[in-house]
Amino acid sequence: MARKKKKNAINNKSILSIIVIIALIIFGYLYKDEIGDFVSDILENNNIDLSGKLAVHYIDVGQGDSILIQSPENEFILIDTGEKDQYEKLNSYLEHYNITKFKYVIFTHPHSDHIGSADKIVKNYDIENIIMPEVYHNTKTYEKLLTEIENKNLEINAAIPGKTFKFGGAEFIILAPNSDSYKSLNNYSVVIKLTYGNTNFLFTGDMEKESENEVITYCKNNNIDLSIDILKVAHHGSSTSSQTNFIKLLNPKYAVIMCGIDNSYNHPNLKVVDRIESNGAEILRTDLDRDIIIISDGNVVSIAQKGRGTIIDYSTEKSSGDLEDYEYETEKNEDFIEEK
Ligand SMILES: [Zn+2]
């Protein structure tokens, strides 16, 4: 009797395993196809060829950031990875483009919605350069990342304002962090401005007002033009960031907010959305538009959105606020809470 029971238990176990394996295969297939369909439909139907162009992918990783940048020469930058549970999605996305190697990986700051999958990325991909802020964070996630970096014998390139990096025909400059002691970890965020031809992108991590003001001062002192075309809105659209005058100065045409549907932080803050829109920028959101790809040939920018399934084209023209007349804002955050 006991033997028969054991046999049945084994049978049940193996049937369950087979069902789980089949479910995983089907899920993996559908998941991969979803990304494949999006890319082929939207890019091929609109005659957009990624070759010879710069493509910036704002990957929908729920409440968190993960941005993939592809140079015209087919090199890659990864900025952040989203939470730990987003690795499957991120990995499938990267596999879809046959990416095995990154020229640069930037981990903006040690919060889990930015570096949650960072240890696995370091472990499973070839990385030429890692750029991170000089700050320690006492969490398992951060410790795991440091261990993988050590295992791979990689050196961390400290994020220091003014450092510039070649990325094929494009280049980027680090604009923040400007200080080595902040109360909020968000202000350690690595901020970069990426330039390709006449098109400019700003990536801000979770920088808050304090860092925004320092970036203004840094750019003033070093004669750096802060006008951009595409802004990755800081801190998921939180009211801790995106001061009116800062947005005016950047004067973006498009602003991408990366946040999760119904997130518990109520990101994006509606006042921030209003500030950006009243400055004339159109907002794109990963919670509504899902994966967003912005492609630049150096002059014309095309935008493909998974959610709305549309393509927008626009030509760049330089226009920005005047750094000399910049007025720093001193107002306090109305709804400040310690956020990730
Ligand atoms: Zn964040």
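This one's a predicted model, so the numbers in the text were calculated from it and none came from an experiment.

## Topic: the overall build of the protein chain
Counting its regular elements, the protein chain contains nine helices and 16 strands. Across the 340 residues of the protein chain, 41% fall into the buried class. For the protein chain, the proportion of contacts with a sequence separation of at least 24, taken over those separated by at least 6, is 68%.

## So, the pairing of strand E4 (residues 101-106)
In terms of strand pairing, strand E3 (residues 76-79) meets E4 through three bridges, oriented parallel. Its bridge partner being in E4, Ile-79 is matched across the sheet by Ile-106. On the question of chirality, the crossover connecting E3 to the parallel E4 by way of helix H2 (residues 87-96) is right-handed. Sheet topology note: the E4/strand E5 (residues 126-132) ladder contains five bridges and is parallel. The residue bridging Lys-101 from the neighbouring strand is Asp-126, located in E5.

## Considerations on the confidence of the model for the protein chain
Mean pLDDT over the protein chain works out to 85, with 77% of the residues at or above the 70 mark. Taken as a whole, residues 28-37 scores under 50 in pLDDT and shows seven contacts with residues more than four places along the chain or in a different chain. Note on residues 333-338: pLDDT under 50 across the span, and five contacts to partners over four residues away in sequence or across chains.

## What about the pairing of strand E14 (residues 292-296)?
By the criterion of burial, E14 is predominantly enclosed, with five of the five residues buried. Two strands pair when backbone bridges link them, and strand E1 (residues 54-58) and E14 are joined in this way by five bridges, in the antiparallel orientation. By the bridge assignment for E14, His-57 is matched with Ile-293. The hairpin turn running from E14 into strand E15 (residues 300-305), its antiparallel successor, is three residues long, and Gly-298 in that turn takes a positive phi close to 105°.

## Comments concerning helix H6 (residues 209-221)
Helix length check: H6 (13 residues) gives 18 Å between terminal C-alpha atoms against 18 Å at 1.5 Å per residue, within 8%. Listing the buried residues of H6 in full gives Lys-209, Ser-211, Glu-212, Glu-214, Val-215 and Ile-216. Lining the buried residues of H6 we find strand E8 (170-176), strand E9 (191-196) and helix H7 (244-250). Following H6 by one or two positions, Asn-223 has its phi on the positive side, about 55°.

## Focus on the sheet that holds strand E11 (residues 230-232)
In a beta sheet, neighbouring strands are held together by backbone hydrogen bonds and run either parallel or antiparallel to one another. Overall, mixed pairing links the seven strands, which are arranged E7-E8-E9-E10-E11-E12-E13 in an open sheet. This sheet does not close on itself; its edge strands, each paired only once, are strand E7 (164-167) and strand E13 (282-285). Neighbour-to-neighbour, the strand axes of this sheet turn through a mean angle of 20°, independent of strand direction. The sheet contact formed by E9 and strand E10 (residues 199-203) spans five bridges and is antiparallel. Bridging from a neighbouring strand, Ile-192 pairs with Phe-203 of E10.

## Regarding the environment of Ile-292
The residue Ile-292 is located in strand E14 in this model. Classification of Ile-292 as buried rests on a count of 25 C-beta atoms within 10 Å. C-alpha separation for the pair Ile-292 and Ala-304, spaced 12 residues apart in sequence, amounts to 5.8 Å.

How each quantity is defined
- Residues numbered from 1 in each chain as written.
- Predicted model: local features only at pLDDT ≥ 70, side-chain atom pairs only at ≥ 80, totals over all residues.
- Helix = DSSP H or I, 4+ residues; strand = E, 2+ residues; numbered from the N terminus.
- Buried ≥ 20, exposed ≤ 12 C-beta atoms within 10 Å, placed from the backbone.
- Contact = placed C-beta atoms within 7 Å.
- Pairing = 2+ DSSP bridges.
- Right-handed = clockwise from strand over helix to strand, strands pointing away.
- pLDDT = per-residue confidence, 0-100.
- Expected span 1.5 Å × (residues − 1).
- Axes fitted to C-alpha atoms, helices over the stretch in contact; angles between N-to-C directions.

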